[in-house]
Amino acid sequence: MRKKIVAGNWKMNLSSDEALFLIEDCNRLSEGVKGVELMVFPPALYIQQLIAHNSPRIQIGAQNFYPAEKGAFTGEISFTQFKAIGLNYFLIGHSERRELFHEGHLFIKQKVDAVLNAGSKVMFCCGEPLAIREANEQMNYVRKQLNESLFHLSTEEIVNCSIAYEPVWAIGTGKTASTEQAEEMHAAIRTWLKEMYNAEIANNISILYGGSCNTSNAKELFACPNVDGGLIGGASLEAESFMKIAKSF
Ligand code: PGA
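The rules behind each value
- Residues numbered from 1 in each chain as written.
- Predicted model: local features only at pLDDT ≥ 70, side-chain atom pairs only at ≥ 80, totals over all residues.
- Heavy atoms only, no water.
- Salt bridge = Lys/Arg side-chain N within 4 Å of Asp/Glu carboxyl O.
- Buried < 20%, exposed > 50% of the residue type's maximum accessible area, 1.4 Å probe, protein only.
- Helix = DSSP H or I, 4+ residues; strand = E, 2+ residues; numbered from the N terminus.
- Pairing = 2+ DSSP bridges.
- Right-handed = clockwise from strand over helix to strand, strands pointing away.
- Axes fitted to C-alpha atoms, helices over the stretch in contact; angles between N-to-C directions.
- Contact = heavy atoms within 4.5 Å.
- Near = heavy atom within 4 Å.
- Polar contact = N/O pair within 3.5 Å; in protein donor to acceptor, adjacent residues only side chain to side chain.
- Areas by Shrake-Rupley, 256 points an atom, 1.4 Å probe, with all protein chains shown as cover.

A.B. asks: For this particular structure, what's the right way to read the pattern of salt bridges?
C.D. replies: Close approach of charged atoms lets side chains of opposite charge pair. Under the counting rule described, the total for this entry stands at eleven salt bridges. Between E103 and R97 there is a salt bridge whose closest N-O contact spans 2.9 Å. Residue classification places E103 among the buried positions, given a relative accessible area of 7%. For the salt bridge of R190 with D228, the shortest nitrogen-to-oxygen distance reads 2.8 Å. You can see R190 sitting in helix α9 (residues 179–196) and its partner D228 sitting in the loop between α11 (218–222) and β8 (229–232), a full 38 residues away along the chain. Per residue, the accessibility class of R190 equals that of D228, and both read buried. If you follow the salt bridges from partner to partner, you end up with R2, R190 and D228 in one network.

What follows is the structure in structure tokens.
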């Protein structure tokens with residue numbers, strides 16, 4: 001059976017002290033959370049201190065990395081370097097990386113391959129911008145994102161991925177996809193997984209929703225048959241709301 005996952009994407013927020021307090025509070029408040037994998041993606045700078053702090057119920061992943069082991073890539077951190085300090089989960093294809101940092105399908109594919117070749121796990125983000133939704137082209141758009149950067153994987157590799165559907169028009173806007181919109185896309189992604197791989201794989205891969213998911217809409221969204229949790233931005237910066245979301249199944 002597929003896992004339920006609630007992950008917090010802290011983006012470029014928080015001071016080092018705030019990050020420590022937040023993970024500590026999340027760990028404490030997560031005591032009642034059962035059957036849900038909890039994860040946060042902090043700014044890279046804080047990861048080592050957060051690991052040292054030891055919050056056993058909260059996994060830590062990397063928001064970004066460079067898909068080469070080492071070398072002359074000024075300012076970058078490699079997946080090998082993250083892995084060496086104990087990280088096992090990597091966020092790839094977030095719309096902010098795609099848009100603001102011009103990460104294209106091919107580069108995203110290289111990142112996916114780098115992580116999986118190193119035996120780690122991928123959380124792959126996809127989702128359409130507003131103009132695409134308005135033109136009712138979202139299915140083709142998301143399918144292309146998956147085709148170009150994920151669906152080249154073998155059956156052995158794809159099982160180490162989870163997928164986060166994050167409509168760009170819902171990220172940080174306070175505007176959430178309706179349960180119908182979310183379920184429709186999640187169900188389509190699962191159908192594509194079945195077509196490309198098989199029914200067992202399609203059933204086992206977690207597909208998370210992201211985009212202004214909060215304490216008031218998480219319950220409804222997580223009740224959709226194909227929504228297996230959430231990738232939470234803004235609402236993950238506060239332990240109470242993040243943990244309330246994690247308890248929304
Ligand atoms: P949001 O961000 O919850 O603040 O909309 C989600 C994300 O970007 O992963």
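A.B. asks: In this structure, what is going on with the pairing of strand β1 (residues 4–9)? I would like to understand it.
C.D. replies: Looking along a regular strand, one sees side chains alternate from face to face of the sheet. Counting buried positions along β1 yields five of six residues, so the element is predominantly enclosed. The sheet contact formed by β1 and strand β2 (residues 36–41) spans six bridges and is parallel. If you follow A7 over to β2, its bridge partner there is M39. The handedness of the β1 to β2 crossover, carried by helix α1 (residues 16–29), is right-handed. Taken together, the four bridges between β1 and β8 define a ladder with parallel strand orientation. From the neighbouring strand, G8 faces β8, where its bridge partner is I232.

A.B. asks: When you look at the sheet that holds strand β4 (residues 89–92) in this model, what are you seeing that I'm missing?
C.D. replies: The strands that make up a sheet are held in pairs by hydrogen bonds between backbone atoms, and each pair lies either parallel or antiparallel. Read once around its circumference, the closed barrel built from eight strands follows the order β1-β2-β3-β4-β5-β6-β7-β8, with strand pairing classed as parallel. Between one strand axis and the next, the sheet turns through 30 degrees on average, direction left out of account. Pairing analysis gives two bridges linking strand β3 (residues 58–62) to β4, with the strands arranged parallel. From the neighbouring strand, A62 faces β4, where its bridge partner is F90. Relative to the sheet, helix α7 (residues 138–149) contacts β5 (121–126) and β6 (161–165), its axis offset from that of β5 by approximately 145 degrees.

A.B. asks: Would you explain the site of the ligand in this entry?
C.D. replies: In the vicinity of the ligand there are 13 residues, among which K11, H94, E166, G172 and S212 approach most closely. Interatomic distance of 2.6 Å between a side-chain N/O atom of E166 and an oxygen atom of the ligand. Between the ligand and S212, the relevant distance is 2.7 Å, taken from an oxygen atom to a main-chain nitrogen or oxygen of the residue. Contact with the protein chains hides 95% of the accessible area of the ligand, taken as 280 Å² for the molecule alone.

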